[in-house]
Amino acid sequence: MTAADRCDRCGAQAFIKAVMSGGLELRFCGHHGREHLDKLKEVAVEVIDETPRLSEEV
């Protein structure tokens, strides 16, 4: 994901993407992604979690 990918909930930079059956993609910031991560893993075909990037040193 890039800095242009935004959270569908609040508009912050997205770090979690859930791909649903049928191809719908949901994107979430770290906060909202972690809040819903367990449920997303149950219903999504694929979940990409890039939140470890938040703690990388620049």
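Residues numbered from 1 in each chain as written. Predicted model: local features only at pLDDT ≥ 70, side-chain atom pairs only at ≥ 80, totals over all residues. Heavy atoms only, no water.

So what exactly am I meant to see when it comes to the pattern of salt bridges here?
A pair can form between side chains of opposite charge whenever their charged atoms are brought close. Taken as a whole, this structure holds five salt bridges when the rule is applied. A salt bridge links Lys-17 to Glu-25, with the shortest nitrogen-to-oxygen separation between them at 4.0 Å. The closest approach of N and O atoms between Glu-42 and Lys-39, which form a salt bridge, is 3.6 Å. One end of the pair, Glu-42, and the other, Lys-39, are both in helix α1 (residues 30-43), three residues apart, so they sit about a helical turn from each other. Judged on exposure class, the residue Glu-42 and its partner Lys-39 are both exposed. Linked by salt bridges that have partners in common, Asp-5, Lys-17, Glu-25 and Arg-27 make up one network. (Salt bridge = Lys/Arg side-chain N within 4 Å of Asp/Glu carboxyl O. Helix = DSSP H or I, 4+ residues; strand = E, 2+ residues; numbered from the N terminus. Buried < 20%, exposed > 50% of the residue type's maximum accessible area, 1.4 Å probe, protein only.)

Purely geometric stuff here, so don't read any function into it on its own.
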